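Residue-level structural notes
As a plain string of letters, each chain reads:
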Amino acid sequence: MDIISILQLFGGVGLFLFGMSLMGSSLEQLAGSGLEQILATMTTSKNKALSAIKGWAFGTGVTGIIQSSAATTIMLIGFVNAGIMTLTQAIPVVLGANVGSTVTAQILRLGDLGGGNIVLQIFKPSGFAPILVAIGAFIYIFIKKKRQKQIAGIMLGLGTLFYGMVMMEEVFLPLRESAAFQRLFTSFQNPLLGILIGLVITAIIQSSSASVGILQALSATGAVTYSTAVPIIIGQNIGKCMTILLGSIGAKKKAKRVALSYLLFNILAAVFFTAVIYIIYYTIGIPWFSKQVNRGQIANLHLLFNLIPSLLLLPFTEKLSSLTGKILRDTEEEDGDSEFRKLDALLLQTPSVALRACKDLILSMSERIRENFGLAMQLITDYDESLFARLEDNEAFIDRCETVLSSYIIRIDRRRLTRDNERVVTEILESIGDFERLGDYCINIAYVAREKQEAGVTFSPSGEQEVLDLAGATEYTLETVLRAFATDDRTLATRVEPVAEVIDQMKEVVKSHHIERLQKGICSIQGGVTLFDLINAFERIAAHSTNVALHVVKRVDGDAEFDEMHGHAYDPQSEEFQALYQYYAAKYLDSVTQRGAVLTEEAQEERRVEKLKKDAEKAEKQKKDKKEKKEKAEKEKAEKQEEKKKQEEKKKQEEKKKQEEKKKQEEKKKKDTQAEKTDKKKKQKA
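Definitions and cut-offs
Residues numbered from 1 in each chain as written. Predicted model: local features only at pLDDT ≥ 70, side-chain atom pairs only at ≥ 80, totals over all residues. Heavy atoms only, no water. Helix = DSSP H or I, 4+ residues; strand = E, 2+ residues; numbered from the N terminus. Buried < 20%, exposed > 50% of the residue type's maximum accessible area, 1.4 Å probe, protein only. Contact = heavy atoms within 4.5 Å. Core = buried A, V, L, I, M, F, W, Y, C linked by side-chain atoms within 4.5 Å. Phe/Tyr/Trp six-rings, centres within 6.5 Å; stacked < 30°, edge-to-face > 60°. Lys NZ or Arg CZ within 6 Å of the ring centre and 35° of its normal. Salt bridge = Lys/Arg side-chain N within 4 Å of Asp/Glu carboxyl O. Axes fitted to C-alpha atoms, helices over the stretch in contact; angles between N-to-C directions. Parallel < 35°, antiparallel > 145°, perpendicular 65-115°, else oblique. Nonpolar A, V, L, I, M, F, W, Y, C, P; charged D, E, K, R; others polar. Patch = residues over 30% accessible without salt bridge, like charges linked within 9 Å, V, L, I, M, F, W, Y side chains within 5 Å. Areas by Shrake-Rupley, 256 points an atom, 1.4 Å probe, with all protein chains shown as cover. pLDDT = per-residue confidence, 0-100. Left-handed = near helix turned anticlockwise from the far one by under 90°. Expected span 1.5 Å × (residues − 1).

**Concerning the overall build of the protein chain**
Across its full length, the protein chain carries 26 helices and zero strands. In the protein chain, which comprises 686 residues, the share counted as buried stands at 45%. Long-range contacts, defined as pairs at least 24 residues apart, comprise 81% of the intrachain contacts of the protein chain with a sequence gap of at least 6.

**Remarks on the nonpolar core**
Counting 82 residues, the largest nonpolar core has Phe435, Ile445 and Phe538 as the members making the most contacts within it. Breaking this core down by element, the ones donating at least two residues are α19 (351-381), α20 (387-409), α21 (419-455), α22 (461-487), α23 (490-519), α24 (525-557) and α25 (575-595). With 14 residues, the single largest contributor to this core is α19. Filtering out sequence-adjacent residues up to four positions away, Phe538 remains in contact with Phe373, Met377, Ile445, Val467, Leu470, Ala471, Thr474 and Ile503. In this structure, Val212, Tyr226, Ile232 and Phe305 belong to the second largest nonpolar core, which totals 26 residues.

**Re the packing of aromatic side chains**
How two aromatic rings sit relative to each other is set out by the distance from centre to centre and by the angle between their planes. By the definition in use, this model includes 16 aromatic pairs. With 4.5 Å between their ring centres and 40 degrees between their planes, Phe273 and Phe305 make a pair best called tilted. A residue pair is termed long-range when its members are at least 10 positions apart, and Phe273 in helix α15 (residues 253-283) and Phe305 in helix α16 (residues 295-313) qualify at 32 residues. Both residues of the pair, Phe273 and Phe305, belong to the buried class. Their ring planes at 75 degrees and their centres at 5.0 Å tell us that Tyr281 and Tyr282 sit as a pair that is edge-to-face. Classification of Tyr281 by relative accessible area gives partly exposed; the value is 32%. Under the relative-accessibility criterion, Tyr282 is labelled exposed at 56%. By the ring-pair criterion, three or more aromatic residues cluster together here, those being Tyr226, Tyr278, Tyr281, Tyr282, Trp288 and Phe289. The ring of Phe485 has Lys359 sitting right over it, with the charged end atom 4.8 Å from the ring centre.

**Looking at the pattern of salt bridges**
Summed over the entire model, instances satisfying the criterion amount to 16 salt bridges. Residue Glu371 is joined to Arg390 by a salt bridge in which the shortest nitrogen-to-oxygen separation is 3.2 Å. Taken together, the residues span a long stretch of sequence, with Glu371 in helix α19 and Arg390 in helix α20 at a distance of 19 residues. Note on Glu371: relative accessible area 31%, which makes it partly exposed. You can call Arg390 partly exposed: its relative accessible area is 35%.

**Some words on the packing of α21 against α24**
For the pair α21 and α24, the least separation of the axes is 9 Å and the interaxial angle reads 170 degrees. Considering their axes alone, α21 and α24 lie roughly antiparallel with respect to each other. Classifying every residue of the contact of α21 with α24 gives 14 nonpolar, eight polar and eleven charged.

**As for a nonpolar patch on the surface**
Judged by side-chain polarity, Phe272, Val276, Ile280, Ile284, Leu304, Ile308 and Leu312 come together as a nonpolar surface patch covering roughly 600 Å² of accessible area. At the level of elements, α15 and α16 are the ones that each hand at least two residues to the nonpolar patch. Tracing the chain through its elements places Leu312 in helix α16.

**Side note on the confidence of the model for the protein chain**
For the protein chain, mean pLDDT is 78; residues scoring 70 or higher make up 78% of the total. For residues 597-603, every residue scores under 50 in pLDDT, and the model assigns this stretch eleven contacts once sequence neighbours within four places are set aside.

**As for the packing of helix α12 (residues 208-218) against α16**
The axes of two packed helices give the description: the angle between them and the distance between them. Packing of α12 against α16 leaves a shortest axis separation of 9 Å and a crossing angle of 150 degrees. When the axes of α12 and α16 are compared, the crossing they make is right-handed. Contacts from Ser208, Val212, Leu215 and Gln216 in α12 reach Arg295, Ile298, Ala299 and His302 in α16. Among the residues forming the contact of α12 with α16, the class breakdown is four nonpolar, three polar and one charged.

**Quick look at unusual backbone geometry**
In terms of backbone geometry, most residues other than glycine have negative phi values and most peptide bonds are trans. Positive phi outside glycine occurs at Asp488, with the angle close to 55 degrees. Among the structural elements, Asp488 can be located in the loop between α22 and α23.

**Description of the environment of Cys523**
Position of Cys523 relative to the elements: it lies in the loop between α23 and α24. In this structure the C-alpha to C-alpha distance between Cys523 and Pro461, which are 62 residues apart in sequence, comes to 10.0 Å. If sequence neighbours within four positions are ignored, Cys523 has contacts with Ser460, His514, Arg517 and Leu518.

**Details of α22**
In a regular helix each residue adds 1.5 Å, so 27 residues correspond to 39 Å; α22 covers 39 Å between its end C-alpha atoms and thus fits that length. Of the residues one or two after α22, Asp488 is the one with positive phi, at around 55 degrees.

**Regarding the environment of Gly239**
Tracing the chain through its elements places Gly239 in helix α13 (residues 226-239). We classify Gly239 as buried; its relative accessible area is 3%. With 24 residues separating them in the primary sequence, Gly239 and Leu263 have C-alpha atoms 9.4 Å apart.

**A short note on the side chain of Lys507**
You can see Lys507 is positioned in helix α23. The class of Lys507 is buried, set by a relative accessible area of 11%. What Lys507 contacts, discounting residues up to four positions off in sequence, is Leu470, Ile535, Asn536 and Glu539.

**Quick word on the side chain of Gln236**
As for its position among the elements, Gln236 is in helix α13. Once you skip the residues sitting within four places of it in the chain, Gln236 turns out to touch Gly198, Leu199, Thr202, Ser208, Ser211, Val212 and Leu215.

**What about the environment of Glu497?**
Tracing the sequence through the fold places Glu497 in helix α23. Residue Glu497 is classed as buried on the basis of its relative accessible area of 12%. Through-space distance from the C-alpha of Glu497 to that of Ala549 is 7.8 Å; in sequence the pair is 52 residues apart.

So this is what it looks like as structure tokens:
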């Protein structure tokens, strides 16, 4: 092979990989989020065997669509890491994903079609690749609709993939007569070397479909036999695990067990086939082992090496799960599994029991929120990085609760709901979002504490005490609303809104105090940013607590028309509300207000003098402005009088001028009359 051939080979591999990626991503976009929803929500069943079969089928189908078992498995790692799926649900999907990854090789076997029949020639990759590219490019360029562009992407991807395949074949065909090339492939008959070659190539390009495609292209040279292809394909199945292992870095142990199950499956399959095939080969022999293979036979080997082990291991998914736990020392039950198992599908037909199970799960959710608030406040006052693991586990549980509850409660048989049960369903559906947001703001406080620690920010004594005062009021609000929700206590629920109003007032007072301290050099700007982030989180916790409290009021009162977004448990102007507000203001707000900005007496006196000075300056300015305004008015009046005088003088001048003009005209007229008389007399004398 010369340098041009090597460049063409790399170009063919590049086109192949790009085409496969484009086709897979276009198929995934065309299917939309349904793929994730299927993987996340449709792998459970009361019958464990049926659940495993469904998971296997979905894994096969989804991977067949996106043509990447790595993408499917990384998706599963994300679901398990987030707590959306359990490991037992994920493993059957992993087994199916390995089978789905063989679809590309089955498509590429079309290259074996031959004969002079024009129809068969068109169906060969070299025949329909240009057709697919031409049609796909035309649609992609001239059609603007999103769905048509996605279909065009599939066609372009498939066409490009086959163009890459044809390029690789054209590079490999001259090697048919090369003795050195023949000797190279003869050396691959050593099974260990063949497995190693398949493993390394697949690990480098991170796609078993692509590496199998390269092997299929090589089969056109006639140098590839069963004895060569078998160990390489076995190695390819192990090498494709590299992407999964990289994708699991940084994940929780449960998620890492998904990656480990993928690796174990492919290693067990490799060991099984290597042992069976080569024990038979070295004992009784395999007559067809030295025969040449074509694309279709390579595709079939690839399919069998993934299908048979997946079917054999499918009944033992729990054993495989247990094995991964022992290897990673993670044999404990997943966090929250016992709570989630209470939401049994069989309870959906008995709404009262199902709703009780939902309420119990929300109470577990509440406990995690309460714990996270306490941990977050501990981080503010006494930072300890080790607490973050517990905080994040709780947050994952809270997020998972929202997802599971939302999908479970809408499946309850509405026809069996009593009127009270309908109100409970409404209360839960409207509250779980607020509960999730309460959890978010608790962990936000923890992240602010981390930033405070990393930046070396410290509060002034007065600023720190004000944060603790606000935290105390917020903790009381949180405790009150959680107890009100747990016990359906309307009286407790009505206390939340007044104390939330007090917290809102405290927020403004603390802000103003910080500005005063900032002006006096007691606090820093960076400290102010941290302080404002904290008090905003406290205020949002109080706001979402108010929402939950109003949901409780609506449910207990049975008022379907009650508007929680704009309504109130008490009219803010009512005696009941004002009494509660005054009580909580005295308990929380007054201490913050009275503390002021912890200014010294001299500083306070300075402020008073400064205020007097500013007032005096303001009065002087007002006096000056008034004087200037008066002078301006008098000047304008004098100017107007002067203007009026000028106008009158001008008018007199014009009148005098008119009189003089009139007099001149009369004198002229008189002269003209006299001249006429004189002329007349002269004529008479003559």
